[in-house]
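A closer look at the structure
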Amino acid sequence: MFARSFARIARPAASSMKARAFSTGARASAAAGSRMATFATAGAIATGAASYAYFQNAQSPVQADSKPIAGVKGTFSERTFIAVKPDGVQRGLVAKIIARFEDRGYKLVGLKAVVPSKDLAEEHYADLKSRPFFGGLVDYMTNGKAPVVAMVWEGKDVIKQGRVMIGATNPLDAAPGTIRNTYCQVVGRNIVHGSDSYESAEKEIGLWFGKAGELVEWSQANSEWIQSDN
Ligand code: DAT
Ligand code: MG
């Protein structure tokens, strides 16, 4: 369970997402102190604390995002938050993890390297606050020995499928072929995160990619070859 009250503050209602305006006190504070290197295209540098207008450039084939933040559940627009954690980055596994999602035909709509602030990491893992490993977990995510590579992937059933592709939290329980089975030995260094539900995806995408322009709407040229039924 995550702090629903936070989610309500931090993200606008999915139903009124067309012209999203942000009033993101909580989100801004979560991001405060983060050192970010944003690779997302169409990254609009927002001015003004209270509201951000979407970057809309009619010349550009790539549109700033206008969907509900986690897409529409059960459709090809469903989205999940996937992150390569600092151990995965240190070990040079970013490309391999990205390749798993690309190879599946999923669409990358957000990507950045970021050393998260303590506030952001604590909010991201808020459901684990009472666990004995919480302090160590937050330190490992935030100490800057390597960034987190944060991503948003889009596609059919991507939230559940992302979890299946990642494998069980404890790599020793992860099924053969999963990311954690392939690359990991212990739960404390299991290299990758994936949203565990639509609600978690909404919360996590909002936390990590909550500013306007950080997510990019674009069309896969081969989508017909990935998505068509007979
Ligand atoms: P997951 O990452 O599979 O969603 P989770 O949400 O239960 O798993 O836990 C988040 C992360 O916290 C997990 O990826 C690694 C760490 N963690 C979980 N259980 C742990 C434990 N018993 N000891 C150390 N770290 C743990
Ligand atoms: Mg989890």
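**As for the pattern of salt bridges**
Here the structure, examined in full by the defined rule, presents seven salt bridges. Among the ionic pairs, Lys112 bridges to Glu214, the shortest N-O distance being 2.7 Å. Remark: Glu214 occurs in the loop between α9 (198-209) and β7 (216-217) and Lys112 occurs in strand β4 (residues 107-115); sequence separation between them is 102 residues. In this structure, a network of salt bridges that share partners links the residues Lys67, Arg79, Lys107 and Glu154.

**With respect to helix α7 (residues 158-166)**
For α7, the complete set of buried residues consists of Val158, Ile159, Gln161, Gly162, Met165 and Ile166. Structurally, α7 contributes buried residues whose contacts are with β3 (79-84), α4 (94-103), β5 (148-154), α8 (179-183), β6 (192-194) and α9. With its phi angle positive at about 95°, Gly167 sits one or two positions after the end of α7.

**Considering the site of ligand 1**
In the vicinity of ligand 1, the contacting residues are Lys85, Tyr125, Leu128, Phe133, Leu137, Arg163, Thr169, Arg180, Val187 and Asn190. A distance of 3.0 Å separates an oxygen atom of ligand 1 from a polar atom in the side chain of Lys85. Within the contact set of ligand 1, an oxygen atom lies 2.9 Å away from a side-chain nitrogen or oxygen of Asn190. Notes on ligand 1: free accessible area 520 Å², of which the protein chains cover 76%. Residues of the shell around ligand 1, tallied by class, amount to five nonpolar, two polar and three charged.

**A word on the pairing of β4**
Across the nine residues that make up β4, a large majority, seven, are buried. Two strands pair when backbone bridges link them, and β4 and β5 are joined in this way by seven bridges, in the antiparallel orientation. Residue pairing across strands places Gly110 opposite Val152, the latter belonging to β5.

Parameters and conventions
- Residues numbered from 1 in each chain as written.
- Chains lettered and ligands numbered in written order.
- Predicted model: local features only at pLDDT ≥ 70, side-chain atom pairs only at ≥ 80, totals over all residues.
- Heavy atoms only, no water.
- Salt bridge = Lys/Arg side-chain N within 4 Å of Asp/Glu carboxyl O.
- Helix = DSSP H or I, 4+ residues; strand = E, 2+ residues; numbered from the N terminus.
- Buried < 20%, exposed > 50% of the residue type's maximum accessible area, 1.4 Å probe, protein only.
- Contact = heavy atoms within 4.5 Å.
- Near = heavy atom within 4 Å.
- Polar contact = N/O pair within 3.5 Å; in protein donor to acceptor, adjacent residues only side chain to side chain.
- Areas by Shrake-Rupley, 256 points an atom, 1.4 Å probe, with all protein chains shown as cover.
- Nonpolar A, V, L, I, M, F, W, Y, C, P; charged D, E, K, R; others polar.
- Pairing = 2+ DSSP bridges.

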